[in-house]
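Secondary and tertiary structure notes
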Amino acid sequence: MKTYNWRPFLERWSADWLDSPGARGRGDVAETALRDRWLGFPAAGEDRIGELEERLGVTLPPTYRSFLATTDGWRPAGTAVGRVSAAEGVHWYGDPDGLQALHEGALDEHASEEEVLRAGMWGRALRLSAAPDGVEVLLDPGDPDANGEWAAYLHRAGADGGRPERHGSFMELMQALFREFHRAHADTPGFANETTRELDADVEEARLSCLDGEDIDGALELLTEAAECGRPRAHGLRVQLEAMLNGGGRIGGGTAVRAGVGGSPASCGTGRLDDPLYARELLPLAALKHLRTGRADLAGTADRADRADRADRAGHDEAEFLRSPDGPDHDGTDRKQALDLLREIDERTFRYEAPGSFGDAVASAREQARWGDTDGAWRTVAAAVTGWEPYGEDHIAPVGLLADPLLGPVITPERGRYLLETPRAGGGGGRGTLNGGGEREAGRVRADGLGWLAEDTGPSAPDAYRFVLVHGVAPQELAERIGRGPLLAPCDESEAGQAIRIGSCGDGGGYGSGDGGEVRGTDAGRWSFAFESGRNGVEPPTSEALSRGTESVTVWCERGGRSPALPGIFHFSYAEDGERVYGFTVRDGEIEEWGAVPDALDPGQLFPDAGPGWDEGAHDDADDGSDDSSNRGAEGSWALDPDDEYESLDAIAEVFGVSLPRFAIRHGRLHAVAQS
């Protein structure tokens with residue numbers, strides 16, 4: 001449903017309102033409105049509009065001017081606005097309550113342009129609402145757009161701390177009020193009209209389009225419009241669509257929603273825990289969103305002493321979750337089941353399950369993801385989604401997958417869109433083909449190598465890391481060799497703290513002989529890794545201790561900084577069967593080397609500025625005309641050169657045929673063992 005001009009839009013509004021249950025019995029509905037099926041008035045002529053503009057000293061914005069040329073005012077029409085004035089009732093607002101000073105006083109140096117405009121609006125606004133009903137319709141001549149439209153505000157006194165609701169024009173505001181009217185009556189028995197029938201048809205069209213993998217953005221637009229008008233199925237379908245487009249890493253964040261359409265996934269569906277769509281898909285999503293929103297609030301607290309301990313926080317989370325205004329009330333067995341689910345999400349033990357072949361693929365993908373092969377896990381899920389089965393006609397995507405602690409991070413926004421654009425069961429069928437009728441295939445990702453560790457130098461990237469690669473040993477056995485307790489629940493980089501994360505190197509390359517000779521084998525998954533980020537002050541496990549009966553590689557890097565107390569360190573060691581074979585350490589520009597290091601790993605070649613003759617001040621004052629912004633001098637004389645770091649990591653990856661999974665380490669969740 002789109003609005004192109006005033007008359008058909010207002011006639012539609014009039015018909016929907018006058019046909020709504022109880023409308024004809026209202027005392028404020030005039031006989032003329034019932035007879036003419038028109039909530040407006042006779043049009044204001046050009047002379048009357050010109051007189052108003054002369055009285056106000058302005059030219060009215062186009063959509064409000066054309067409104068008056070259609071109807072000189074608007075009766076109450078099922079919204080919070082009592083009446084929009086006729087021309088004679090329009091006046092400058094004058095800010096009678098001193099709201100401008102209040103709002104401008106609340107601004108700070110970070111205020112946006114829109115916030116500044118909104119704060120200054122009160123003293124210059126034009127008032128259109130007629131009755132002192134606590135709701136004002138205001139136009140701001142100080143905030144025009146390229147078409148001459150003025151920003152329009154709906155100010156509900158006392159609501160949201162007095163913050164007015166802004167719209168781009170008077171027409172946009174009236175359209176929002178029309179949606180509000182429909183939303184308010186959506187649950188009223190017998191509320192059916194041409195608009196609701198059109199919107200419900202749009203919802204079904206969007207559902208089938210999405211299941212067929214067609215025009216996902218168009219489907220979202222239809223669902224958004226229908227949800228804003230309160231159509232019962234639209235909100236749940238929209239939540240699923242937006243969740244997949246946001247990806248598993250953004251639940252609780254994501255894009256902003258327009259007024260009246262937000263809400264938790266728990267507000268969708270039946271609210272019954274014997275309904276698999278609600279219990280297995282929507283409620284886990286709601287629990288994850290609830291926990292992430294709460295943690296974001298706690299993250300703003302600077303002093304840890306001011307935070308509640310974990311038990312108190314868990315109790316708070318549970319109470320808030322159960323009394324969420326968006327969700328159903330759970331009691332008895334349902335209450336216990338809902339709280340158990342919340343704890344599983346919180347403790348990262350939740351396992352998403354689905355019926356049929358897709359469920360089997362999910363189980364396999366979880367095993368891949370938990371040991372670091374997130375790219376393989378994605379390919380497994382993507383290949384199986386054509387076999388996904390919906391729980392009913394209100395189910396369009398496997399959204400519960402996003403709440404799985406292992407697989408949720410794997411579903412990026414791009415991958416979520418890929419799944420939506422893959423035809424799935426329950427669609428219209430035959431409405432389109434995929435790539436000319438062929439099957440879609442998720443692209444195979446090349447091995448990441450090791451050099452990416454040197455490339456991750458942004459503000460949020462750790463400036464130190466260390467890892468051990470062990471050949472022919474499963475991740476579980478590597479965890480036992482480290483010998484620092486049982487495996488912890490899968491955790492991401494921020495959750496790991498000082499724990500050592502464990503995984504497999506995945507596929508995409510061979511593994512080496514360790515002597516710099518030819519690479520033997522093609523399965524890099526036979527290497528397992530233990531990885532730590534940051535400086536934690538704990539001595540890392542030695543390569544010798546982990547190489548019993550096999551071979552291992554250890555790398556330890558601290559980039560250093562502007563202080564001699566934080567020198568750059570790059571340590572590499574290769575060991576076989578518990579014995580150190582060769583390696584080197586570059587520390588503060590000095591090289592220590594042992595064993596017969598292969599030419600490809602010669603530290604003198606990899607770190608050409610280190611060793612004898614190294615001058616700690618040489619790079620600070622260099623002026624050779626070259627762009628050397630990445631050298632040691634840019635960070636201080638004690639820092640590693642990032643190019644040297646990259647070349648060293650790349651050489652190690654080449655000699656041993658190894659690769660650390662970048663996505664799994666930076667964005668995924670991996671099992672971990674605690675530091676001793």
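So, here is what we can say about the structure in this document. Since the structure is predicted, the reported quantities are computational estimates derived from the model, not experimental observations.

If you trace the five strands from one edge of the open sheet to the other, you get β1-β2-β3-β4-β5, paired in antiparallel fashion. Where the open sheet ends on each side, the last strands, each with one partner, are β1 (91–92) and β5 (165–167). Here three bridges tie strand β4 (residues 150–156) to β5, and the two strands are oriented antiparallel to one another. Looking at the pairing, A152 lines up with H167 of β5.

For helix α14 (residues 356–370), which comprises 15 residues, the first-to-last C-alpha distance of 22 Å matches the rise-based estimate of 21 Å (1.5 Å per residue) to within 8%. Those residues of α14 lying buried are F358, G359, A361, V362, A365, R366, A369 and R370. Along the axis of α14, the buried residues cluster in a sector spanning 160°; they form a single face. Check the buried side of α14 and you find it contacts α15 (374–384), β8 (500–504) and β14 (670–673). Just downstream of α14, G372 is the residue with a positive phi angle, here 105°.

Okay, the packing of aromatic side chains next. Evaluation of the coordinates by the stated rule reveals 27 aromatic pairs. A centroid spacing of 5.1 Å and a plane angle of 80° characterise the contact between Y64 and F170, whose relative ring orientation is edge-to-face. Residue Y64 is found in helix α4 (residues 62–68), and its partner F170 is found in helix α7 (residues 170–185); the two are separated by 106 residues along the sequence. On the basis of relative accessible area, Y64 is assigned to the buried category, the value being 0%. With a centroid separation of 6.0 Å and 45° between ring planes, the pair formed by F572 and Y582 is classed as tilted. Of the two residues, F572 is situated in strand β11 (residues 569–576) and Y582 in strand β12 (residues 579–587); the sequence distance between them amounts to ten residues.

Where charged atoms from two side chains of opposite charge approach closely, those side chains can pair. Scanning the model with the defined rule gives 38 salt bridges in all. In this structure, the salt-bridge partner of D217 is R417, at a minimum N-O distance of 3.0 Å. Note that D217 is positioned in helix α9 (residues 216–228) and R417 in helix α16 (residues 413–420), a separation of 200 residues in sequence. Classification of D217 by relative accessible area gives partly exposed; the value is 44%. Overlapping salt bridges bring together E455, D456, E493, R662 and R666 as one network.

Of all five residues making up β8, five are buried, and the element is well covered by its neighbours. Side chains of β8 alternate between two faces, with I500, I502 and S504 and R501 and G503 buried alike. Bridge analysis of β8 against β14 gives two bridges, and the strand direction is antiparallel. Paired with I500 across the bridge in β14 is V673. When β8 meets strand β9 (residues 527–533), the two strands line up antiparallel, connected through four bridges. Across the sheet, the residue bridging to G503 is F529, located in β9.

This brings us to helix α1 (residues 6–18). One full turn of an α-helix is made of 3.6 residues, so residues set three or four places apart face in the same direction. Between its first and last C-alpha atoms α1 spans 18 Å; for 13 residues at 1.5 Å apiece the expected length is 18 Å, and the two agree. When α1 is considered as a whole, its buried residues turn out to be W6, F9, L10, R12, W13, S14, D16, W17 and L18. Residues of α1 that are buried in the fold lie against α2 (31–36), α4, α7 and α8 (194–211).

Its identity is not glycine, yet R348 carries a phi of approximately 60°, on the positive side. With respect to the helices, strands and loops of the structure, R348 is situated in the loop between α13 (332–347) and α14. Since its relative accessible area comes to 22%, R348 is described here as partly exposed. Here the phi dihedral of D577 falls at roughly 45°; this positive angle occurs in a residue that is not glycine. Mapped onto the secondary structure, D577 falls in the loop between β11 and β12.

So, about the nonpolar core. Ranked by internal contacts, the top residues of the largest apolar core, which has 64 residues, are L241, I345, Y352, F358, L419 and L420. Taken together, the elements giving at least two residues each to this core come down to α8, α9, α10 (234–246), α11 (276–299), α13, α14, α15 and α16. In terms of residues, this core owes the most to one element, α11, which gives ten residues. When near neighbours in sequence (up to four residues on either side) are disregarded, L420 contacts C210, G213, I216, L241, M244, L245 and A397.

One open sheet accounts for nine strands, arranged β7-β14-β8-β9-β6-β10-β11-β12-β13; its pairing is antiparallel. Where the open sheet ends on each side, the last strands, each with one partner, are β7 (488–491) and β13 (590–594). Neighbour-to-neighbour, the strand axes of this sheet turn through a mean angle of 20°, independent of strand direction. Where helix α18 (residues 475–482) meets the sheet, its contacts fall on β6 (464–471), β8, β9 and β14, and the angle it forms with β8 comes to roughly 150°.

The rules we used
- Residues numbered from 1 in each chain as written.
- Predicted model: local features only at pLDDT ≥ 70, side-chain atom pairs only at ≥ 80, totals over all residues.
- Heavy atoms only, no water.
- Pairing = 2+ DSSP bridges.
- Helix = DSSP H or I, 4+ residues; strand = E, 2+ residues; numbered from the N terminus.
- Expected span 1.5 Å × (residues − 1).
- Buried < 20%, exposed > 50% of the residue type's maximum accessible area, 1.4 Å probe, protein only.
- Arc of directions from axis to C-beta.
- Contact = heavy atoms within 4.5 Å.
- Phe/Tyr/Trp six-rings, centres within 6.5 Å; stacked < 30°, edge-to-face > 60°.
- Salt bridge = Lys/Arg side-chain N within 4 Å of Asp/Glu carboxyl O.
- Core = buried A, V, L, I, M, F, W, Y, C linked by side-chain atoms within 4.5 Å.
- Axes fitted to C-alpha atoms, helices over the stretch in contact; angles between N-to-C directions.

Shape is all these values report; function is a separate question.
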